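A look at the structure
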Amino acid sequence: MEVQMSDTSGQPGKSPAPTAKPEGSELLDEGSKDEGSKDVFFDLEDEDEGTTSNSTSHSLSDIWEQGFQEQAQIHKLKNMLKSKSHEQDNMAQQAAETRKKLEEEQTRVGSMEQQLKRACQEKQQSQDLLADTQVKRRSLESRLVKLREKKKWAEQCNTQLESKLQQTLIQCKQLK
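Residues numbered from 1 in each chain as written. Predicted model: local features only at pLDDT ≥ 70, side-chain atom pairs only at ≥ 80, totals over all residues. Heavy atoms only, no water.

1. Structural notes on the overall build of the chain
Tallying secondary structure elements over the chain gives two helices and zero strands in all. Classification of the 176 residues of the chain by burial places 4% in the buried group. Here the contacts in the chain between residues at least 6 apart in sequence split such that 25% fall between residues at least 24 apart. Approximately 16,400 Å² of the chain is accessible, and the part contributed by carbon and sulfur atoms is 54%. (Helix = DSSP H or I, 4+ residues; strand = E, 2+ residues; numbered from the N terminus. Buried < 20%, exposed > 50% of the residue type's maximum accessible area, 1.4 Å probe, protein only. Contact = heavy atoms within 4.5 Å. Areas by Shrake-Rupley, 256 points an atom, 1.4 Å probe, with all protein chains shown as cover.)

Structure representation (structure tokens):
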């Protein structure tokens, strides 16, 4: 809405006081210099219609408000785009970190699997060695039992031979 100020100097040859304009109208004034924008604005000095100036002010105000809303919406969309871009960057960074951790874990799992495989092989070797040792122990125990039996038999034979020897010695002494 434009407000007309009257010339307060009262002196001839002086120009009238400047016209006060609504806030932001300088942007609209610059746009009105374009050839294509002349059709949008009404003649503000048309004296036949008393409401033309008021309706034009509302139209300019509406256009200004619409332009401001569009600028705000563009700003909001740019911020959303930046946010989405940052979100994608963050997700990509998180994915890279997760991949790195996964690779580290897979390396650890591979190392642990090798250790487990070696431990299983060592366990199997120990079990095989234990089985072989038990077989040898049983064989040795069996041989020991046989040797004990032979020892017992040898002791019995020795006792019998000693007694025969004693008798033979006695007989030899008697013969003499």
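Read on for the rest.
2. A few points about the confidence of the model for the chain
Here the chain averages 77 in pLDDT, and 67% of its residues register 70 or above. Ignoring residues within four places in sequence, the model shows residues 1-11, a span with pLDDT below 50, making 18 contacts including any to other chains. Taken as a whole, residues 14-53 scores under 50 in pLDDT and shows 36 contacts with residues more than four places along the chain or in a different chain. (pLDDT = per-residue confidence, 0-100.)

3. A short note on the pattern of salt bridges
In total, this model carries three salt bridges according to the counting rule given. Among the salt bridges present, the one from Arg137 reaches Glu141, with a minimum N-O distance of 2.9 Å. Note that Arg137 and Glu141 are positioned in helix α2 (residues 52-175) at a spacing of four residues, about one turn of the helix. Look at Arg137 and you get partly exposed, because its relative accessible area is 41%. Note that Glu155 is salt-bridged to Lys151, the shortest N-O span being 3.9 Å. Of the two residues, Glu155 and Lys151 are both situated in helix α2; the distance of four residues between them amounts to about one turn of the helix. Under the relative-accessibility criterion, Lys151 is labelled exposed at 53%. (Salt bridge = Lys/Arg side-chain N within 4 Å of Asp/Glu carboxyl O.)

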